[in-house]
Amino acid sequence: MSILVVKDLEVKYGDTQVLWGLDLTIERGEFVALVGANGAGKTTFLKTVVGLLPAAAGSLHFAGEEVSGMPVEYRIRKGMAMVPEGRRLFKGMSVMDNLMIGAHFREDRPQVHEDLGKVFGYFPELERLRKRVAGDLSGGEQQMCAVGRALMASPGLLLVDEMSLGLAPVVVERLAEVLAKINVNERMSVLLVEQDVEIALELSSRGYVLDNGQVTMSGDAGELLRHPQIREAYLGLT
Ligand code: ATP
């Protein structure tokens, strides 16, 4: 069963159209990548899915329900969580407070406590740093905190925007490993939006390539990685 079904999605900033008839589906428990160059429209897509931008046309079904007209809060309560580009932590607040913000809309308090334990299990560094002010953390630790905050919402679908941007390869590796584990252990669907095509497709089972606001290719992630057009355009290989 699909957790997200997007059909014919069009998004505009004023008179400027950025997404053109975009179709994308994510099955429950699936790990999907959305890749493309800078400015292709990836962030615009994520913001529209979560409700930060309105759709000009098309449909957006989440967990079996049309949510296009619904506010962000409704979609979060229904099970979406986003790790935004640039992390967007509350830098003056502690790591612990940032994590708990992720659980803001939840009413199942005992489960929230259990999920905090899970987050510390995935990222032991966050438990060690829990009293520190988030702005004092390294870039990698901040990204862990941003992922942890999204996990605290216990989402059915985790939307991750440019996780690898500006981070050292060893840190990206670590975050990627955790995302893969979460996907399997928690049976959480993941949509990973990345400029780093190689990392995204290696982690995913299926991928979509976005070019100038349109899906130009989609399919099995391994096949996309081997596709000559992708190797040339995005991986710098021939
Ligand atoms: P990046 O990886 O740099 O975030 P992206 O693939 O996520 O790129 P978007 O940020 O979605 O791309 O941008 C897609 C297009 O929409 C770009 O041409 C961008 O200039 C334009 N755009 C983005 N935000 C706005 C805005 N608030 N107003 C007008 N145009 C915008």
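Residues numbered from 1 in each chain as written. Predicted model: local features only at pLDDT ≥ 70, side-chain atom pairs only at ≥ 80, totals over all residues. Heavy atoms only, no water.

As recorded in an unreviewed UniProt entry, the protein goes by ABC transporter related and comes from Syntrophobacter fumaroxidans. As its UniProt record puts it under Sequence similarities (unreviewed entry), the protein is described as follows: "Belongs to the ABC transporter superfamily." (UniProt positions renumbered as here; feature names shortened; annotations may be inferred.)

This brings us to the overall build of the protein. Along its length, the protein carries ten helices and ten strands. A compact globule built from 238 residues would reach a C-alpha radius of gyration of about 18 Å, and the protein, at 17 Å, matches this within 12%. Across the protein, every contact between residues at least 6 apart in sequence was considered, and the portion connecting residues at least 24 apart equals 68%. Total accessible area on the protein stands at roughly 11,000 Å², and carbon and sulfur atoms take up 50% of it. Across the protein, the 25 positively charged side chains and the 32 negatively charged ones have centroids separated by 6 Å. (Helix = DSSP H or I, 4+ residues; strand = E, 2+ residues; numbered from the N terminus. Rg over C-alpha atoms; globule rule 2.2 N^0.38 Å. Contact = heavy atoms within 4.5 Å. Areas by Shrake-Rupley, 256 points an atom, 1.4 Å probe, with all protein chains shown as cover. Lys, Arg positive; Asp, Glu negative; His and termini not counted. Charge placed at Lys NZ, Arg CZ, Asp CG, Glu CD.)

Bringing the nonpolar core into the picture now. One recurring pattern in soluble globular proteins: nonpolar side chains tend to sit buried together. With 51 residues, the main nonpolar core has Leu99, Leu126 and Leu158 as its most contacted residues. Viewed by domain, this core spans two of them, domain 1 (1-79 + 155-238) and domain 2 (82-154), each represented by three or more residues. Here Leu158 is in contact with Ala81, Val83, Ala150, Leu151, Leu179, Met188, Ser189, Val190 and Leu191, once residues within four sequence places are set aside. Ile26, Phe45, Leu46 and Leu191 belong to the second largest nonpolar core, which has 28 residues in total. (Core = buried A, V, L, I, M, F, W, Y, C linked by side-chain atoms within 4.5 Å. Buried < 20%, exposed > 50% of the residue type's maximum accessible area, 1.4 Å probe, protein only. Domains from an automatic or database assignment.)

Read from one edge of the open sheet, four strands run S2-S1-S4-S5, paired in antiparallel fashion. The two strands at the open ends of the sheet, each matched to only one other strand, are strand S2 (16-27) and strand S5 (65-66). The pairing of strand S4 (residues 57-62) with S5 spans two bridges and is antiparallel. Residue pairing for S5: Phe62 is matched across the bridge by Glu65. (Pairing = 2+ DSSP bridges.)

Right, let's get into the layout of surface pockets. Of the volumes computed, that of the largest pocket is approximately 640 Å³. Taken together, 21 residues form the lining of the largest pocket, with Leu52, Ile76, Met82, Pro84 and Arg149 sitting closest to its centre. Among the residues making up the lining of the largest pocket, the classes are represented as 13 nonpolar, three polar and five charged. (1 Å grid on protein atoms, 1.4 Å probe; cavity = no way out; pocket = protein on both sides within 12 Å on 5 of 7 lines; lining within 4 Å. Points joined across faces, edges and corners; volume = space filled by probe spheres on them. Nonpolar A, V, L, I, M, F, W, Y, C, P; charged D, E, K, R; others polar.)

What follows deals with the sheet that holds strand S10 (residues 214-220). Strand order in this open sheet of six strands is S6-S7-S8-S3-S9-S10, and the pairing throughout is mixed. Strand pairing shows two members of the sheet lacking a second neighbour, strand S6 (80-83) and S10, which therefore form its edges. Neighbouring strand axes in the sheet, compared pairwise and without regard to direction, differ in orientation by 15 degrees on average. Bridge analysis of strand S9 (residues 206-211) against S10 gives six bridges, and the strand direction is antiparallel. When the sheet's bridge partners are listed, Tyr208 is paired in S10 with Ser218. Along the sheet, helix H1 (residues 42-50) makes contact with strand S3 (31-35), S6, strand S7 (157-161), strand S8 (189-194) and S9, crossing S7 at roughly 150 degrees. Here helix H6 (residues 139-151) sits on the sheet and contacts S6 and S7; the angle it forms with S6, its principal contact strand, is near 175 degrees. (Axes fitted to C-alpha atoms, helices over the stretch in contact; angles between N-to-C directions.)

All right, on to the site of the ligand then. For the ligand, the set of nearby residues contains 13 residues, the closest of which are Asn38, Gly39, Gly41, Thr43 and Thr44. Within the contact set of the ligand, an oxygen atom lies 2.9 Å away from a backbone nitrogen or oxygen of Lys42. In the model, an oxygen atom of the ligand is placed 3.2 Å from a nitrogen or oxygen of the Glu85 side chain. In isolation the ligand exposes 630 Å². Once the protein is present, 58% of that is buried. The element contributing the most residues to the shell around the ligand is H1, with three residues. Per-class residue counts for the shell around the ligand are four nonpolar, six polar and three charged. (Near = heavy atom within 4 Å. Polar contact = N/O pair within 3.5 Å; in protein donor to acceptor, adjacent residues only side chain to side chain.)

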